[in-house]
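# Coordinates in review
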Amino acid sequence: QVQLVESGGGLVQPGGSLRLSCAASGSIISINTMGWYRQAPGKERELVASITRGDSTNYADSVKGRFSISRDNAKSTVYLQMNSLKPEDTAVYYCKMNVLSRRTYTVEDYWGKGTLVTVSS
C-alpha cells in the first residue's frame, strides 16, 4: 500500500508565492516520475509539472518561468514552488507518483487527495 499526502495549499494574493509538498509512504521500492496536476472548476485535470528520477523536468506553458518542481528521494517527497501567482492558477492541486511497490513488485500510479490553492485579492 502506498499513500500520498499533499500540503501547503491555501489563500494567497496575486503575485504571491506558495510551496506545495507531497510525501509518499508505504511499501515503496523506488519512485520513477513524480508530478503535479491541477483541476480548476469546470476544467479538465491538467499536468502542471513533472520530474524524473534523473531530475529532468517538464512544465505546462502556462507556468513556465513561475513554477519550479523538485524532489527529495530520501524523503520520497516532491515539491512545487509557485511564484508570481495569478488568479487563473486557482485550482485543486494533486500529486501523482509512479511507484514500484514492494508489496506487489509492480509499477503503478498513485494519487493524493489534493490541496486547494486560491489566488485572490
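Before reading further, recall that the structure is shown in the block above.
Residues numbered from 1 in each chain as written. Predicted model: local features only at pLDDT ≥ 70, side-chain atom pairs only at ≥ 80, totals over all residues. Heavy atoms only, no water.

## Looking at the side chain of Asp89
Within the secondary structure layout, Asp89 lies in the loop between strand E8 (77–82) and strand E9 (91–101). A distance of 2.8 Å separates a polar side-chain atom of Asp89 from the backbone nitrogen of Lys86. Ignoring sequence-local partners within four residues, the contact set of Asp89 consists of Arg38, Arg66, Phe67, Ser84, Val117 and Val119. (Helix = DSSP H or I, 4+ residues; strand = E, 2+ residues; numbered from the N terminus. Polar contact = N/O pair within 3.5 Å; in protein donor to acceptor, adjacent residues only side chain to side chain. Contact = heavy atoms within 4.5 Å.)

## What about the side chain of Ser27?
Turning to its location among the elements, Ser27 is positioned in the loop between strand E3 (18–26) and strand E4 (28–39). Not counting the four nearest positions on each side in its chain, Ser27 is found in contact with Gln1, Val2, Leu100, Ser101, Arg102 and Arg103.

## Examining the packing of aromatic side chains
Applying the stated rule across the entire model yields 1 aromatic pair. The ring of Tyr79 is capped by Arg19, whose NZ or CZ atom sits 4.2 Å from the centre of that ring. Directly above the ring of Tyr94 sits Arg45, whose terminal nitrogen or CZ lies 3.7 Å from the centroid. (Phe/Tyr/Trp six-rings, centres within 6.5 Å; stacked < 30°, edge-to-face > 60°. Lys NZ or Arg CZ within 6 Å of the ring centre and 35° of its normal.)

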